[in-house]
Amino acid sequence: MPEAAARDDFLPFHVPAIGDEEIAAVVDVLKSGWLTTGSKVKEFEQEFCRFVGARHGVAVNSATAALHLALAAIGIKEGDEVIVPTMTFAATAEVVLYLKAKPVLVDCSGDTLNIDPAAIERAITPRTKAIIPVHFAGEPCDSEAILSLARAHGLKVIEDAAHALPARDHSQMIGSIGDITCFSFYATKTITTGEGGMATTNNPEWADRMRMLSLHGISHDAWNRYSSEGSWYYEVTHVGYKYNLTDIAASLGIEQLKKCYRFADARRRVADAYTAAFTDVAEIRTPFSDPDKEHAWHLYVIQLELERLTINRSEFIELLRKNKIGSSVHFIPLHFHPYYRQTFGYQPADFPNAADAYQRIVSLPIYPDMTVTDVEDVIGAVRSIVDGHRR
Ligand SMILES: Cc1ncc(COP(=O)(O)O)c(C=O)c1O
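Residues numbered from 1 in each chain as written. Predicted model: local features only at pLDDT ≥ 70, side-chain atom pairs only at ≥ 80, totals over all residues. Heavy atoms only, no water.

(A) Examining the site of the ligand more closely. Inspection of the region around the ligand gives 16 residues, with Ala63, Thr64, Asp160, Ser184 and Lys189 positioned closest. Thr64 places a polar side-chain atom, nitrogen or oxygen, 2.5 Å from an oxygen atom of the ligand. Separating an oxygen atom of the ligand from a side-chain N or O atom of Lys189 is a distance of 2.6 Å. Out of a free accessible area of 390 Å², the ligand has 91% covered by protein chains. Mapping the ligand onto the cavity grids shows that it belongs to the largest pocket. Broken down by secondary-structure element, the contributors of at least two residues to the shell around the ligand are helix H3 (63–73) and helix H4 (90–98). Residue composition of the shell around the ligand, grouped by class: 7 nonpolar, 7 polar and 2 charged. (Near = heavy atom within 4 Å. Polar contact = N/O pair within 3.5 Å; in protein donor to acceptor, adjacent residues only side chain to side chain. Areas by Shrake-Rupley, 256 points an atom, 1.4 Å probe, with all protein chains shown as cover. 1 Å grid on protein atoms, 1.4 Å probe; cavity = no way out; pocket = protein on both sides within 12 Å on 5 of 7 lines; lining within 4 Å. Sits in = over half its atoms within 2 Å of the grid points. Helix = DSSP H or I, 4+ residues; strand = E, 2+ residues; numbered from the N terminus. Nonpolar A, V, L, I, M, F, W, Y, C, P; charged D, E, K, R; others polar.)

Rendered as structure tokens:
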């Protein structure tokens, strides 16, 4: 079969969906005289909590910051162990190291690429204090199994929901299930503030602690000290961090949140089109999606059936690029990275499902502003590469 003609322009892997509403909201803040943490951050926290069904939300400047504060709030300290999937981004494990605790990596399930509850159980020791499951690509992980393990062993569950907005596990929104849930508003995420994050919890003490630590460990209304209602006096009670979100970013987040379901519908349409187009392609394994859960479709990760192809994953990505289609890989498992290999002695074969998936995974473009032609171009490019390299 002849190779499909490439597009004229390059289709980026991701483009954020920023409308006139976001631009107007940012301009309003810029004109308001108050740029940093203030009323817009409060409003964003309240709207976000309402959206996910949580009592408390602490807005910060990244999901990494949210994860760090969440672990600090539950009291993780030197000598503790925290269970983390190897199939994740650096942030999920590095926050454990910030607190001088040990990230204990575990494997994923081969189908969902989500953390495997049986692997969690095997990794629990007397030093284990918490689990950080990641809702990989936006597909909710097995919260029921993870929470029941956690409760049985007295562990806390800090969910890394960087990919999972909006997502639902049966009737429960992600953000209302674990002890603390951490979201990302990084530029490529399902809603964005450029850089940003949010920790949600139903525990008021953890929320207060995270808020206090997010701004230098000073009293919780310290952000207010330059306003007419604020006071110049404050006390530093802990060593904190500089993790607060700005009103500029929050104003963007408020507008993005209003569009969250519209964006999700658009991403789901792209995912459905890809899945329909690839179900009859034996060389492509389409992503898992449990019909009883709501997938956020932050990522659409195919797995190549390499045994049926004459090219490897890197060559496949290079051919996509030649067809002017951007793509990516989520993730290089943590135990493949030099730091984790050298520090903890991990070998690729330690986590066979993640190691196997890593050779096969390709993330295809999926975002609200993709046109029908963009989606057809991705499908056409994938199919023509497969057709040209069938074993
Ligand atoms: C699974 C996961 N966790 C955490 C993060 C960190 O998010 P942020 O960039 O907001 O710190 C990312 C970012 O890509 C991620 O993919």
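(B) Structural context of the layout of surface pockets. Computed from the structure, the largest pocket encloses a volume of approximately 680 Å³. If you trace the largest pocket, you find 41 residues lining it, with Phe89, His163, Tyr186, Thr188 and Lys189 closest to the centre. Listed by contribution, the elements that provide at least two residues to the lining of the largest pocket are H3, H4 and helix H9 (260–278). Residues belonging to the lining of the largest pocket are distributed by class as follows: 22 nonpolar, 15 polar and 4 charged. (Points joined across faces, edges and corners; volume = space filled by probe spheres on them.)

(C) How the structure looks around the sheet that holds strand S3 (residues 102–106). An order of S1-S9-S8-S5-S4-S2-S3 is seen for the 7 strands of this open sheet, with the pairing classed as mixed. Where the open sheet ends on each side, the last strands, each with one partner, are strand S1 (56–60) and S3. Each adjacent strand pair in this sheet contributes to an overall mean axis angle of 25 degrees, direction not counted. Set on the sheet, helix H2 (residues 39–52) makes contact with S1, strand S8 (180–184) and strand S9 (197–201); between it and S1 the angle comes to about 130 degrees. Along the sheet, H3 contacts S1, strand S5 (156–160), S8 and S9; its crossing angle with S8, the most-contacted strand, is approximately 165 degrees. (Pairing = 2+ DSSP bridges. Axes fitted to C-alpha atoms, helices over the stretch in contact; angles between N-to-C directions. Contact = heavy atoms within 4.5 Å.)

(D) Representation of the packing of H3 against H4 within the structure. H4 packs onto H3 with a crossing angle of 40 degrees between their chain directions and a minimal axis gap of 9 Å. With respect to their mutual orientation, H3 and H4 come out oblique. Relative to H4, the crossing made by H3 is right-handed. Contacts between H3 and H4 involve Thr64, Leu67, His68 and Leu71 on the former and, on the latter, Ala91, Thr92, Glu94, Val95, Val96 and Tyr98. Of the residues contributing to the contact of H3 with H4, the split by class is 6 nonpolar, 3 polar and 1 charged. (Parallel < 35°, antiparallel > 145°, perpendicular 65-115°, else oblique. Left-handed = near helix turned anticlockwise from the far one by under 90°.)

(E) View of the packing of H9 against helix H13 (residues 372–388). Close contact between H9 and H13 brings their axes to 10 Å; oriented N to C, the two are set at 30 degrees. Judged on the interaxial angle alone, H13 and H9 are roughly parallel. Handedness of the crossing formed by H9 with H13: right-handed. Facing H9, whose interface residues are Val270, Ala273, Tyr274, Ala277 and Phe278, H13 presents Val375, Val378, Ile379, Val382 and Arg383. For the contact of H9 with H13, the per-class residue count stands at 9 nonpolar, no polar and 1 charged.

(F) Local environment of the pattern of salt bridges. Counted according to the given criterion, the structure contains 24 salt bridges. As a salt-bridge pair, Arg268 and Asp265 come within 3.2 Å of each other at their nearest N and O atoms. You can see Arg268 and its partner Asp265 sitting in helix H9, 3 residues apart, about one turn around the helix. A relative accessible area of 25% means that Arg268 is categorised as partly exposed. (Salt bridge = Lys/Arg side-chain N within 4 Å of Asp/Glu carboxyl O. Buried < 20%, exposed > 50% of the residue type's maximum accessible area, 1.4 Å probe, protein only.)

(G) Inspection of the nonpolar core at higher detail. In terms of nonpolar packing, the biggest core is built from 50 residues, with Leu71, Ile158 and Ile180 touching the most fellow members. Mapped onto this core, the elements with two or more residues apiece are S1, H3, strand S2 (81–85), H4, S8, helix H7 (204–214) and helix H12 (352–360). Broken down by element, the residue count for this core peaks at 8 residues, all from H3. Of all hydrophobic cores here, the second largest spans 43 residues; its members include Ala123, Leu155, Val157 and Ile177. (Core = buried A, V, L, I, M, F, W, Y, C linked by side-chain atoms within 4.5 Å.)

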